[in-house]
Amino acid sequence: MGRHKEWRKIAKKMRRKRIRSEIAHERDRLLLLEEVTRAKSPSHIQWLEEQAALEEFARQEEARLSRERHLKWQADELEAQQRWKEQQIRLAEANAEKEKHKEELLAQIEAFIAGTADLPASAVVGRETQPGHPECPFFSKTGACRFRDNCSRNHICPGISNVLLISSFYEHFGMHTERHHEYDTDVSLEYEDFETYSDFKEFFYDILPEFESCGALRQLKVCCNYEPHLRGNVYVEYLNERHALKAYQLFQGRYYAGRQLSVMFVNIPSWKNALCGLFHKQRCPKGRHCNFLHAFRNPGNAFRNADFDRSPPHSSTKSSSHDDWRWSPSPENMDAPRRPREKSRRNRSRSSDRRRNRSRSSEKRKREYRKRESCSREDSKSGRGRSKSNSRWHSGKKRDRDAHGKENTPSPKSRKVKDRSRHKDKEKEKIHTSDSSCSAERKSDK
C-alpha cells in the first residue's frame, strides 16, 4: 500500500512537468509565427526604416554640434590669446612705469639722504592692518605686538620715522626659554646673568659704531624679554629721518652672525611709556614675560636722557669708547670755529650761593661738635656720663652729603647697607639728645 502512494506521487509530478513543457512549446511556436508575419508586414518594414533614419540623423546632429563647439572654442581661444597679449603689453607698460617711478623715488630718497632735496610725499605713506578698528595699545607704545598682523586691533605702521626696529637682532642662550625642556633642571647652573650682560656689552660695542656711522643717535635699546615678539629686539632712534633712512638702506637685508636682518620703521612716542619702569627695580609682576620693553642697561648709562624723554646732552656719555657724538651742526656753521662757552650770570650766582651754603654748614657743624665735646666733658666729670665713643656723631658722611649735595646716588646693591647705617645713626642721635637733656637738668639742679 505504501509503495503505491509513492508511485502515484511520481506519476503526478511527471504529468505536471509534461503539461508545462507542452504549453511552453506552443507559446514559442506562436511567437515565431507572429515574428514571421510581422517581418513580412509592410508597416513593420516602414517602421524599421524610420528608426534607422532617426538614428542616422542623431549621429549627424551630434557631429554637427561637436564641430560647432570646437569652432567656438577655437574662436574663444584666439580671443583669449589676443586679450592676454594686450594684457601683457599693458602690464609691461605698467611695470616700466612702476620701475621708472621707483627709480625716481630712489633718486629722490638718495637726494634726501644727501641733503639736497626734501623727503618725497609718497615715501611717508603708512600702512594699517585693520583699518576702522581701535588702535592696538601695545603696538602704539612699543612698536611690537605678540599677535603681529593677526591682531584684532589696528597696527599703524609709518612709512618713514626716526626709530628703527631690528627684530631678534641679539641672541643668547639664556634668553631662549623654549629650549629649556630639552635640558635637565640644572641648566641654570651653566650660565649666569652677568655672563649674559657681558655678552651684551660686547654686542653693544660691536653695533654702536655701525649705527653711529649713519648719523647721530638719540636712543639705542636691546630687549632681554623672553616673549618671542620682543626677544632680542634692537631699537635705534636717530635725531632725524635722514639718518634713519640711511641706516635702513645699510642694514636691511644685511647679514650679522649668519642671520639676515629685517629692519622696519616704528613709532615710539614716549620711551618712558615703552620701557617697563619696574624692571630695573626688580618689581615687575610679570617678570621677563612682560609685554613692555625690558631692556639691558647700556654700559655707562648711555642714552639715559632718552629713557625719560629728555633731550640729549650736547656731548656724548662716557659709555662708548668711540668718538663722541654731538648734535649735528648746521651746514652753514660746519666749518665755522666754535666760540667758547661763557658762564651765565645765573650759573655764577648759583655757584656763589653753593659756596656760601657750604661755609655756613661747616660753621654749623663746628658749633655742634664743640657743644657735644663740652657736654661729654661735663658728663665725664660727673661720672655718670656715657663713654666718649658712644656719644660721638657717626653720621658725618651723611651730613656732608646732605650739605654739599655732591655724593652720587647709591647703587641698588649698597642701598640696603646705607639704610641700615642711617637707622643706626638715628638711634644714636636719640641717645645723644637724651644725654644732653639729662646733663642740662643736672646743671639746673646744681
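Keep in mind that this is a model prediction, so the values were computed, not measured. (Residues numbered from 1 in each chain as written. Predicted model: local features only at pLDDT ≥ 70, side-chain atom pairs only at ≥ 80, totals over all residues. Heavy atoms only, no water.)

(A) Region of interest: the pattern of salt bridges. Scanning the entire structure with this criterion turns up 14 salt bridges. Arginine 64 serves as the salt-bridge partner of glutamate 68, at 2.5 Å between the closest nitrogen and oxygen. Here glutamate 68 pairs with arginine 64, and both are found in helix H2 (residues 42-114), just four residues apart, close to one helical turn. One salt bridge in this structure joins glutamate 227 and arginine 146, with 3.9 Å as the shortest N-O distance. You can see glutamate 227 sitting in the loop between strand S4 (217-222) and strand S5 (234-238) and its partner arginine 146 sitting in the loop between helix H3 (137-142) and strand S2 (156-157), a full 81 residues away along the chain. (Salt bridge = Lys/Arg side-chain N within 4 Å of Asp/Glu carboxyl O. Helix = DSSP H or I, 4+ residues; strand = E, 2+ residues; numbered from the N terminus.)

(B) Broad picture of the nonpolar core. Formed by 39 residues in total, the largest nonpolar core has its most connected members in Phe169, Phe211, Leu220, Val234 and Tyr238. Elements that contribute at least two residues to this core include exactly H2, strand S3 (163-166), helix H4 (193-212), S4, S5, helix H5 (241-251) and strand S8 (263-266). Dropping the residues within four chain positions of it, tyrosine 238 is found in contact with Asn162, Leu164, Phe211, Cys214, Gly215, Ala216, Leu217, Arg218, His243, Ala244 and Ala247. Core analysis: the next-biggest nonpolar cluster, separate from the first, contains 13 residues, Val266, Ile268, Leu293 and Ala295 among them. (Core = buried A, V, L, I, M, F, W, Y, C linked by side-chain atoms within 4.5 Å. Buried < 20%, exposed > 50% of the residue type's maximum accessible area, 1.4 Å probe, protein only. Contact = heavy atoms within 4.5 Å.)

(C) Seen up close, the side chain of glutamate 237. Along the chain, the position of glutamate 237 falls in strand S5. Aside from chain neighbours lying at most four places away, what touches glutamate 237 is Asn162, Val163, Leu217, Arg218, Gln219 and Trp271.

(D) Geometry of H5. Among the residues making up H5, those that are buried are His243, Ala244, Leu245, Ala247 and Phe251. Considering only its buried residues, H5 is in contact with H2, S3, H4, S5 and S8. One side-chain oxygen of the residue at the start of H5 lies 3.3 Å from the amide nitrogen of arginine 242, identifying that residue as asparagine 240. Positive phi shows up at glycine 253, right after H5, with a value of about 80°. (Polar contact = N/O pair within 3.5 Å; in protein donor to acceptor, adjacent residues only side chain to side chain.)

(E) Representation of the packing of aromatic side chains. Considering all chains together, one arrives at 14 aromatic pairs under this definition. For the pair phenylalanine 169 and phenylalanine 203, a centre-to-centre distance of 5.2 Å together with 85° between the ring planes defines the contact as edge-to-face. Residue phenylalanine 169 is found in the loop between S3 and H4, and its partner phenylalanine 203 is found in helix H4; the two are separated by 34 residues along the sequence. Of the two residues, phenylalanine 169 and phenylalanine 203, neither departs from the other in class, the shared state being buried. Here tyrosine 170 and phenylalanine 203 contribute two aromatic rings whose centre-to-centre distance is 4.9 Å and whose plane-to-plane angle is 50°, an arrangement assigned as tilted. Separated by 33 residues along the polypeptide, tyrosine 170 in the loop between S3 and H4 and phenylalanine 203 in helix H4 bring together distant segments of the chain. Neither residue differs from the other here; tyrosine 170 and phenylalanine 203 are each classed as buried. Among the aromatic residues, those joined into a cluster by ring pairs are Phe169, Tyr170, Tyr197, Phe200, Phe203, Phe204, Tyr205, Tyr256 and Phe296. (Phe/Tyr/Trp six-rings, centres within 6.5 Å; stacked < 30°, edge-to-face > 60°.)

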